[in-house]
Amino acid sequence: MPKTNIAVLGAQWGDEGKGKIVDMLTPHFAAVARYQGGHNAGHTVYVEGKKFVLHLIPSGILHPGVTCIIGNGVVIDPQALFKEVDELDRMGVSVEGRLLVSEKAHVILPYHRELDVLSEARRGERKIGTTSRGIGPAYEDKIGRRGIRVCDLLGDRTALADEVRENVSARNRIIKDSTLDWKPVFDRLVADGERMRPWVGDVSLFIHGLIKDDKAVMFEGAQATLLDIDHGTYPYVTSSNASVGGVCTGLGVPPRVIGGVLGVAKAYTTRVGEGPLPTELSGELADRLRESGQEYGASTGRPRRCGWYDAVVVRYSARINGLDAIALTKLDVLDGLPEVLICTGYKTGSGTLTDFPADLRTLTGAEPIYERMPGWSTPTKGVTRFDDLPVEAQKYVRKLEEVTGVACAIVSTGSDRSETIVKNGSLVEAWLGLGT
Ligand code: IMP
């Protein structure tokens, strides 16, 4: 068992294939811990031809004996959690005895989804394109200090009744002519709490115990750096810290326990929802990437916007998160293209940019500066050794390493666990205690 605790997080706008990477690394860890987001995430994992879609529960659950943790930084819709537990059960995966839910996590209340939809409608053309799961309103209540936590569902009923009453009345003030009754909400939450009770505990204490016993923990991010509430393309972001800072606040662990940070980046770029995407493609090429990459949201089924690899974005992610290595995914989706383009900078009204700007107006008008590389006709699909990749694909990966300054320790060449290259001598091997 290795002793390196690592964070695995998205380096672009999400949907990079974190689920597969977390799943394949899991056997080397005692626990996998989610630190932010909610069931807006959709992590798809294929195991021996079976498709699993996880939203709240870390992808590590597919490995027996591994504890899966939902941290205080996550917002939990109890119904979504139960649905996921039941679905896993039906597929022969039991969570009993290996799921730990933070008592400090905030609960998505039944009407948060309604508030999400309402807020989008109010924004009109400026809508964010949320997943409509009530994520933003739940985090608003948390920051507004009227949120309801998992421990509140399990404690004193009178105190919970007061909190629900207060929260519902805040909601009624927002929705015109609404007179929602707090009592059915209260009853629902009490019942939800009872079902969750066996899973609930002190996540920080548990993780500290594992680390003290020399067991390794993987910290799993949802969404991605460019959707981070502080460092993403605000306001077109999610409402939590998806970047590495979220690990500490979302689980109650100090920064020094994070021994390595693995960024997951697709060999091209996608985004779902609104907001700038400088390398966005349209027409035939976009359709081709979307179809061959199956670029449709795992949570909402929405088609994803597709574009070339943006090294400005990944360099920025590397800086924000201190990426030690990258897991490059979906290389096989580029198979057969006559050429592949890499964005290395942006041309803007005020000159050339090589660092990601904060102001969306700068970004919206930015014109990508591309480096063009020859494509490859021999398929990379299923290749498991770097040297077996077509030479042009090897050159493409090396160029990405050069322009981002981060090594691609893992290259994924298909959706199955087995369709993966772990580069010899890479940092990932060292983290896992493999190699020489
Ligand atoms: P919310 O998280 O539902 O509030 O949505 C805010 C933004 O984050 C929208 O652009 C969503 O499309 C995006 N988003 C949320 N979760 C994911 C995800 O798991 N993958 C990709 N985009 C996401």
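How should unusual backbone geometry be read in this particular structure?
The bulk of non-glycine residues show a negative phi, and the bulk of peptide bonds are trans. The omega torsion of the bond from tyrosine 234 to proline 235 falls at 5 degrees, within 30 degrees of zero and hence cis. Relative to the assigned elements, proline 235 resides in the loop between β10 (217-220) and α9 (245-251). Here the phi dihedral of serine 132 falls at roughly 55 degrees; this positive angle occurs in a residue that is not glycine. Structurally, the position occupied by serine 132 is in the loop between α3 (112-123) and α4 (135-143). By relative accessible area, serine 132 is classed as partly exposed at 25%. Residue lysine 330 is not a glycine yet carries a positive backbone phi of 60 degrees. Take lysine 330: it is sitting in the loop between β15 (325-329) and β16 (339-348).

What should I look at first to understand the side chain of arginine 304 in this one?
By the element assignment, arginine 304 lies in the loop between α10 (283-292) and β13 (305-307). Within the structure, arginine 304 has its side chain in polar contact with the side chain of aspartate 15 (distance 3.2 Å). Looking at arginine 304, its side chain comes within polar contact range of the main-chain oxygen of tyrosine 296, at 3.1 Å. Among all residues touching arginine 304, those that are not within four sequence positions of it are Asp15, Lys266, Thr270, Arg271, Val272, Arg290, Gln294, Glu295, Tyr296, Gly297, Ala298 and Lys330.

Calculation notes
Residues numbered from 1 in each chain as written. Predicted model: local features only at pLDDT ≥ 70, side-chain atom pairs only at ≥ 80, totals over all residues. Heavy atoms only, no water. Helix = DSSP H or I, 4+ residues; strand = E, 2+ residues; numbered from the N terminus. Buried < 20%, exposed > 50% of the residue type's maximum accessible area, 1.4 Å probe, protein only. Polar contact = N/O pair within 3.5 Å; in protein donor to acceptor, adjacent residues only side chain to side chain. Contact = heavy atoms within 4.5 Å.

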